[in-house]
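Architecture at a glance
Listed here are the chains, written in short residue letters.
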Amino acid sequence: MMKLASYASDPLASRGRLHDEKRDLTRGPRDDFQRDRDRIIHSISFRRLRHKTQVFVAPDGDHYRVRLTHSLEVAQIGRTLARALGLNEDLTEALCLAHDIGHPPFGHAGEDALEEALVGFGGFDHNAHTLRTLTTLENPYPRWDGLNLTWEMLEGLAKHNGPVSDPTWALAKIDAAMDLDLRRWPSLEAQVAAIADDIAYDNHDIDDGIRAGLLSLDQLLEMPFIAQRWEDIRRRFPDVSEEKLLPELIRDQIGLMVNDVLEATRSQISHHNIETLEDVRQAGEMVSGFSDEMAEKERTLKGFMYENLYHHPKQLAAADEGKIMVAGLIEAYRNDPELMPSDWAATLPTEEPARIRHIADFLAGMTDRYAKNRYGEIYGDRHG
């Protein structure tokens, strides 16, 4: 096993789990972070990601990415970064695999519908719902609710986008039980997982957008830093078709971003004289991320993707349809809870806000196809 850097997260120094567990070697010689990763992989909520929107709503093509394949790609990039920086690969991988578990069906369109339904009841946030799912809704163990993950795992998920000054009700409830130190920066493993997420979807969404015919190479080449990379590739492979070189462009972009993060992170570690994990938390800013130059290029790329792919008319129409379905299902279950599966209906609270939050928990766990099927069974062609 590779020696960890002094500022890496050490499973032997973990702050523990909400519920104490006796080490059971009959289930293999794994440390606490490895157990966290394995609990994610074996969870129902992780399996459901294979039918949840990444870019395209319930895509017909087998080659498009979904939340599951996206999470696997994030984990690959995250492990690469963690290994190069001497961080704990298992914690990094676990965070990467789990970071999107709280997404409802139809991506941000579904989240918008849930947020509107919970106005006045605390709202809905997919990042907080990731923790709610893993600490409350997943129930594979006989003695407690949730997966009973380590403090470091929950902290990293809570701060996927950095410190949290105003937690939502779902996150506040978990923080009250575990004190996740929300106002400070998380471990470098968590920071690496977050930047790996950006690298993965920045580049792989391009691939899917081109495959779907919503993006073109000519559009991409309007960005100078993409055009420069493309020219380099064409010089290396002058006799290869453009179609075969597009994957090379994606690979080159990912490699360029990964190398930039490694260089920028090492520079930040030196600048802040970081020697311990506590130094990371006290740095007062993100330690692992892009250089200023790459961050500006990445913002340009994100702006391009929003304008040309995420807000493409076809995408907006599909998102509107998804939002209508989620809103319609919420309305149906509020009016007639018996439409829910018997176990969900039987445990429906009678008072608000617990009642609508319970319905939202059920909705958020749905896959795209399950939500579409249930909507069709309830409404047919009568709604929307």
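Structure: above.
These lines cover the structure that appears in this document, whether it is placed above or below. (Residues numbered from 1 in each chain as written. Predicted model: local features only at pLDDT ≥ 70, side-chain atom pairs only at ≥ 80, totals over all residues. Heavy atoms only, no water.)

To continue, consider the packing of aromatic side chains. Taken as a whole and assessed by the stated rule, the structure comprises five aromatic pairs. Between Tyr 306 and Tyr 310, the ring centres sit 4.9 Å apart and the planes meet at 75°, which makes this aromatic pair edge-to-face. In this pair, Tyr 306 and Tyr 310 are both assigned in helix α14 (residues 292-310), four residues apart and thus about one turn of the helix distant. On the numbers, 5.2 Å between centres and 40° between planes, the contact of Trp 344 with Phe 362 is tilted. Of this pair, Trp 344 sits in helix α16 (residues 342-346) while Phe 362 sits in helix α17 (residues 354-364), placing them 18 residues apart in sequence. (Phe/Tyr/Trp six-rings, centres within 6.5 Å; stacked < 30°, edge-to-face > 60°. Helix = DSSP H or I, 4+ residues; strand = E, 2+ residues; numbered from the N terminus.)

The subject of this paragraph is the nonpolar core. Ranked by size, the top nonpolar core spans 80 residues in total, and within it Ile 40, Leu 81, Met 153 and Leu 180 carry the most contacts. Looking at this core element by element, the count peaks at ten residues for helix α12 (residues 242-271). Discounting residues that sit within four places of it in the chain, Leu 81 has contacts with Val 192, Ile 195, Ala 196, Val 258, Val 261 and Leu 262. (Core = buried A, V, L, I, M, F, W, Y, C linked by side-chain atoms within 4.5 Å. Buried < 20%, exposed > 50% of the residue type's maximum accessible area, 1.4 Å probe, protein only. Contact = heavy atoms within 4.5 Å.)

Before going further, it helps to spend a moment on the pattern of salt bridges. Following the criterion strictly, the structure yields 34 salt bridges and no others. Put simply, Glu 93 and Arg 37 hold a salt bridge, and the shortest N to O gap is 3.6 Å. Taken as a pair, Glu 93 in helix α4 (residues 89-98) and Arg 37 in helix α1 (residues 32-41) lie far apart in primary sequence, 56 residues in all. Exposure remark for Arg 37: the relative accessible area of 15% places this residue in the buried category. In this structure, the salt-bridge partner of Arg 184 is Glu 278, at a minimum N-O distance of 2.7 Å. Here Glu 278 lies in helix α13 (residues 277-281) and Arg 184 lies in the loop between α8 (169-178) and α9 (188-211), a separation of 94 residues in the sequence. Arg 184 gets classed as partly exposed once you look at its relative accessible area, which sits at 23%. The network of salt bridges with shared partners includes Arg 30, Arg 37, Asp 38, Arg 79, Arg 83, Glu 89, Asp 90 and Glu 93. (Salt bridge = Lys/Arg side-chain N within 4 Å of Asp/Glu carboxyl O.)

So, on to the packing of α9 against α12. As a packed pair, α9 and α12 sit with axes 10 Å apart at the nearest point and diverge in direction by 160°. Relative to α12, α9 is oriented roughly antiparallel. Our pair here, α9 against α12, has a crossing hand that is right-handed. Across the interface between the two elements, Leu 188, Ile 195, Ile 199, Asp 202, Asn 203, His 204, Ile 206, Asp 207 and Ile 210 of α9 pack against Leu 246, Ile 250, Gln 253, Ile 254, Met 257, Val 258, Val 261 and Ile 269 of α12. Of the residues contributing to the contact of α9 with α12, the split by class is twelve nonpolar, three polar and two charged. (Axes fitted to C-alpha atoms, helices over the stretch in contact; angles between N-to-C directions. Parallel < 35°, antiparallel > 145°, perpendicular 65-115°, else oblique. Left-handed = near helix turned anticlockwise from the far one by under 90°. Nonpolar A, V, L, I, M, F, W, Y, C, P; charged D, E, K, R; others polar.)

Let us look at the environment of Ala 332. For Ala 332, the location among the structural elements is in helix α15 (residues 313-335). Under the relative-accessibility criterion, Ala 332 is labelled buried at 7%. Those residues in contact with Ala 332 that lie beyond four places of it in its chain are Leu 339, Ile 378 and Tyr 379.

Quick look at the environment of Asp 175 now. Within the secondary structure, Asp 175 is located in helix α8. Placed 17 residues apart in sequence, Asp 175 and Ala 158 show a C-alpha to C-alpha distance of 9.0 Å. Aside from chain neighbours lying at most four places away, what touches Asp 175 is Leu 180, Asp 181 and Leu 182. Of the polar contacts made by the side chain of Asp 175, one reaches the backbone nitrogen of Leu 180; its length is 2.7 Å. (Polar contact = N/O pair within 3.5 Å; in protein donor to acceptor, adjacent residues only side chain to side chain.)

That is the geometry; function is a separate question.
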